[in-house]
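Chain and residue survey
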Amino acid sequence: MGVLEFVMHPTNLDLVYFCLLGVLLSGFVSFLPALHMYNVLGIFLLFVLKFEQTMTYMQLSSLAIGMMVGYSILNTVPATYLGPGDESLSYYILPGAQYMAQGKGFESIVLTGIGALGGLILLAAIAPIFLWILPGLKIITAPHIFWILGAVIVYIILSEWPKGVSQSRSNWANFFEGWGFISVGFITFCLSGVLGCIVMAKTMVPHECAFLSILPVFVGLFAIPWLLTNIINVGVIPPQHISKSIDLDWELFFRGTFGGFLGGFFSAFIPILTAGVGGLMAGHATAQRDSRLFIMSYGTCKAVYYVGSFFLFFIPGLSLSRGGLAWILMPMATTITPQEYAIFVGLILFAAGISFLLLMPFTRLCIALVEKIDYHKISLIALIGLVPMIYVYTGIGGLMILAVSTGIGLLPVMFQARRLNLAGVLLLPVCLNMAGYGSDVLRLLGLL
Amino acid sequence: MEAERGNPLALPTGEYKTETHCPSCGRFVGISERCPYCRALTRKRLSIRVFKVIAVLTSTIGLAILLFFAQTIKTPEVKINQLGPLSNFAHVRIIGTVDRSYGVHPQWKSLSFTVQQPDSMGEPCTIRVFAYAKTVVEIEKSNKVPMDGDQISVDGQVRFQKDSPSLLVNAPEHISIIKRAEDAAAEKPPLEPGKVAAEHVGKIVTVKGAVGDVVGFPRGMLIRLEDGGQGLAVWIPSKLADDLNMAIQAGDLVLASGKVKPYKDSLEIEVFTQTGFKVISKGKGGPSQELPPAGRESEGTVEEAAMGSGDSGPSETPESFGGASETGLTASSAIELPCTSLASITKEMAGQAVRVVGVLNKIVAYKTGVKLIVADGSALVAVWMPNEISAGLPIPTEGAKLSVEGVVAVYKDEIQIQPRDAGDMSVLP
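This one's a predicted model, so the numbers in the text were calculated from it and none came from an experiment.

The next point concerns the side chain of Asn-75 of chain A. Residue and element names in this part refer to chain A. When you line up the elements, Asn-75 lands in the loop between α5 (57-74) and α6 (76-81). A relative accessible area of 13% places Asn-75 in the buried class. Only 2.6 Å separates the side chain of Asn-75 from the side chain of Lys-302, close enough to count as a polar contact.

Right, here's the structure in full:
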């Protein structure tokens, strides 16, 4: 109650307003297919709102918290309904897509939302402890980050597995069948890593918009392949059932929240890692097998990663920038007091509650939408809008990056490796730089 | 197919089934193009095959073309005032003058310096440039650590934080020294010490003059060049003094290149590099106002003069200027300052080295050090011993007779004598 009273104090009500606005905006942003929130928010904040002239840093941060919390909960909806699984394209269908294929997409989304809400409550509950332990943890881990990232890279590559099922009389045929998928994963990782080295070493976009130089990379690696596969997808969305209850017990809730929180916090604290990597590692570490557990844990992991990485930015005395949004706000950052930190914790809880309440009507809206509008058309419209947008903000250099990154992004989809390998785009160059070999690799590539 | 797309909620039939099931045995094959059970070919639809080819071509040939294109990109040269929050992460080149070089951090091995360039109105704009330890090792190896006043071209990634930009350097190739300040200064005829004026502040100059006095400090060595007045101070940091490892004595004719800086009410020159300080010819222990009378009369070195001085007996002679002995500049180590009465020490003497003898009147302990109030019958003066100097020293009792050497300083309008190391204070019998 104390936190709520503090947040609802008249002097802080403008922050509540901006936070609420952020949640509502995140609903809109979540509906823009295939675009990551960081990209949208960067353009939105700097070009549309001209926030530097109109908002204080605290108001801007409150808006960003609202958007981040809202996005981490609400973006599951379009991700579920605007890209159904296609067994002719995928080796395996993730549990969320499987639920949707069984008409239980609503249940899957609510499970994800419960997981996210649990993770954010846990994050807020231990926020005071962060003040004590994180500065020390930062000092302890700082010299070791490069090998931690190296270990994660090894884990990503080694955890790719052979998916071939056919058997031939030729040993070589069997060998290639087994190693083909693993090689695709490895090649995808290497190619995306080289792309990352190029993009980080040379700015191919106008320097006036350089903060968006990573935009074409991510749009190409993740968004456009998703849209393209949606367009050629022959999978269909079966009728969806709006359930009135959820098949979940407390044990599953706590296990999912705990596992998801571990993965989310790990990926939030260690630079460059994402929720996908953290969630995978935490899932393996906590031996998750139940699909409900997987879905809920994924929701926790994603929310804790997005919100947690941004939240680290506001911890007084920590000086830690993780995640794209923290980097976007960094030029305007000012010193945060413990009182302001407490306000942000309260705003996270507030935004999490509002977002969860919005989740169910938002899901019903999305179901109604995909019943009326073909997702193929939505994807096509999004693709047509995306390419000119990249050109406007990043020029011809951005389009070149977009084309290459789209090709690399299509590799794991078309040849059945995991998209996780695309994380090499940041993991490889950053790990090399931290280990002190970055300039050697750039020299080898002729980029110095 | 079209019928299915017309009804988004239709069940998977038709083409979907032919794509996912073997046309020969009818079993599920998923993504496999050859049935794992009967080895029948299960061709996927054209769109998938086309995208597979596109993916392979753009990710390999496309990446190679992108790499080639990136190799040809010349880093754009920008002005510091053109950088804003939207330039965050841009890789840009800045050409300017090193305003202040902080050198390589002794503990973290990082490098930091600021580069200055005038804006369109002629006002100076500065940007902080930094590099992390692993890059700094290579920068040091290639002798590219920038010094004050150097004209440099530096490529780096813009980091914009709290309304101010900085530049992160990731490779030694990204720093190129256009002209060393020392070389530029050396091209001009050296100044006489007396000609260094306020207009030279912030600039690199070369002066030529005779050494009047050498005083050692824990952090460096102060050499006063005779200029007909108080002397022009030349400051050599201790690390550089260690590297130089040369004996300097009063009367030596030296050439010093460095940045002119104000220090209290006077000017001093700070030398940054080994080549910035040269002894042109050895002196003969020439006259110096700071030297004891024997030194002035002697034709020998200052060291010899000091040792032969009969004015101050061995019992009253503190061991040495510890800083001098640490730095390797040996001449000053034996310089003994004349004893100064406390009443004659004035605020105007701030920065000067003095030696006083008196009785310890009072000890005041602070968190950061100890203040000793010393009296000699003519006046009282505070001697400030910070913890790093007083640690390990036996605390003299009140009433003890002390000999203290140090630099005169003014702290909160109070005159203090600040010893430079533990050897600067001794208890006399």
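That covers the picture; the talk isn't over yet.
Let us look at the pairing of strand β15 (residues 380-386) of chain B. Residue and element names in this part refer to chain B. Counting buried residues in β15 gives six out of seven residues, a clear majority hidden from the surface. In this structure, strand β14 (residues 369-375) lies alongside β15, joined through seven bridges in antiparallel fashion. Opposite Val-370, over in β15, you have Met-385 as the bridge partner. With two bridges joining them, β15 and strand β17 (residues 414-418) adopt parallel strand pairing. For Ala-382, the partnering residue across the bridge sits in β17 and is Gln-416.

Take Ser-153 of chain B: it is sitting in strand β4 (residues 151-161). With sequence-adjacent residues up to four places away left out, Ser-153 of chain B is seen in contact with Arg-93, Ile-94, Ile-95, His-174, Ile-175, Ser-176 and Ile-178 of chain B.

By the definition in use, this model includes 11 salt bridges over all chains. Of the charged contacts, one joins Asp-155 of chain B and Arg-93 of chain B as a salt bridge, the two residues approaching to 2.7 Å between their closest N and O atoms. Of this pair, Asp-155 of chain B sits in strand β4 while Arg-93 of chain B sits in strand β1 (residues 91-104); the two residues are 62 residues apart in sequence, bridging distant segments of the chain. Judged by its relative accessible area of 6%, Asp-155 of chain B is buried. For Arg-100 of chain B, the salt bridge goes to Asp-148 of chain B, with nearest N and O atoms at 3.1 Å. Residue Arg-100 of chain B is found in strand β1, and its partner Asp-148 of chain B is found in the loop between α4 (133-141) and β4; the two are separated by 48 residues along the sequence. Its relative accessible area of 1% is what places Asp-148 of chain B among the buried residues. Linked through salt bridges whose partners overlap, the residues forming this network are Asp-440 and Arg-443 of chain A together with Glu-138 and Glu-173 of chain B.

As a further point, take a nonpolar patch on the surface. Taken together, the side chains of Trp-172, Phe-175, Phe-176 and Trp-179 of chain A present a nonpolar region at the surface, about 530 Å² in accessible area. Within the secondary structure, Phe-176 of chain A sits in helix α11 (residues 171-201).

What follows concerns the environment of Leu-123 of chain A. All names here are of chain A. Mapped onto the elements of the fold, Leu-123 is located in helix α8 (residues 105-125). Residue Leu-123 is classed as buried on the basis of its relative accessible area, which comes to 2%. With 181 residues separating them along the chain, Leu-123 and Val-304 place their C-alpha atoms 7.1 Å apart.

The next point concerns the confidence of the model for chain B. Residues and elements named next belong to chain B. When the pLDDT values of chain B are averaged, the result is 75; 81% of them are 70 or greater. In the model of chain B, helix α7 (residues 293-297) stands out as the element of lowest mean pLDDT, 30, in contrast to helix α3 (residues 46-72), which has the highest, 91. Throughout residues 1-12 the model reports pLDDT below 50, and contacts reaching past four residues in sequence, or to other chains, amount to 27 contacts. Segment residues 286-335: pLDDT under 50, and 102 contacts once partners within four positions in sequence are set aside and those in other chains are kept. Confidence metrics for the complex model read pTM 0.71 and ipTM 0.85.

The next point concerns the nonpolar core. Counting 141 residues, the largest nonpolar core has Val-69, Tyr-81, Leu-120, Leu-195, Phe-310 and Leu-427 of chain A as its most contacted members. Not counting the four nearest positions on each side in its chain, Tyr-81 of chain A is found in contact with Met-100, Gly-105, Phe-106, Ile-109, Ile-237, Gln-240, Thr-363, Cys-366, Ile-367 and Val-370 of chain A. Core analysis: the second largest hydrophobic core is formed by 24 residues, Val-98, Ile-127, Val-129 and Val-145 of chain B among them.

This part takes up the packing of helix α10 (residues 145-158) of chain A against helix α14 (residues 275-285) of chain A. All names here are of chain A. Where α10 meets α14, the axes come as close as 11 Å, and the angle between the chain directions of the two elements is 75°. With respect to α14, the axis of α10 lies roughly perpendicular. Here Val-152, Tyr-155 and Ile-156 of α10 come into contact with α14, specifically with Val-277, Leu-280, Met-281 and His-284. For the contact of α10 with α14, the class distribution of residues is six nonpolar, one polar and no charged.

Okay, unusual backbone geometry next. The backbone of Ile-272 of chain A shows a phi angle near 80°, a positive value even though the residue is not glycine. Examined against the element boundaries, Ile-272 of chain A turns out to sit in the loop between α13 (250-269) and α14. With a relative accessible area of 27%, Ile-272 of chain A lands in the partly exposed category. The backbone of Asn-143 of chain B shows a phi angle near 55°, a positive value even though the residue is not glycine. Looking at the element boundaries, Asn-143 of chain B is found in the loop between α4 and β4. Residue Asn-143 of chain B is classed as exposed on the basis of its relative accessible area of 59%.

About the thresholds
- Residues numbered from 1 in each chain as written.
- Chains lettered and ligands numbered in written order.
- Predicted model: local features only at pLDDT ≥ 70, side-chain atom pairs only at ≥ 80, totals over all residues.
- Heavy atoms only, no water.
- Helix = DSSP H or I, 4+ residues; strand = E, 2+ residues; numbered from the N terminus.
- Buried < 20%, exposed > 50% of the residue type's maximum accessible area, 1.4 Å probe, protein only.
- Polar contact = N/O pair within 3.5 Å; in protein donor to acceptor, adjacent residues only side chain to side chain.
- Pairing = 2+ DSSP bridges.
- Contact = heavy atoms within 4.5 Å.
- Salt bridge = Lys/Arg side-chain N within 4 Å of Asp/Glu carboxyl O.
- Patch = residues over 30% accessible without salt bridge, like charges linked within 9 Å, V, L, I, M, F, W, Y side chains within 5 Å.
- Areas by Shrake-Rupley, 256 points an atom, 1.4 Å probe, with all protein chains shown as cover.
- pLDDT = per-residue confidence, 0-100.
- Core = buried A, V, L, I, M, F, W, Y, C linked by side-chain atoms within 4.5 Å.
- Axes fitted to C-alpha atoms, helices over the stretch in contact; angles between N-to-C directions.
- Parallel < 35°, antiparallel > 145°, perpendicular 65-115°, else oblique.
- Nonpolar A, V, L, I, M, F, W, Y, C, P; charged D, E, K, R; others polar.

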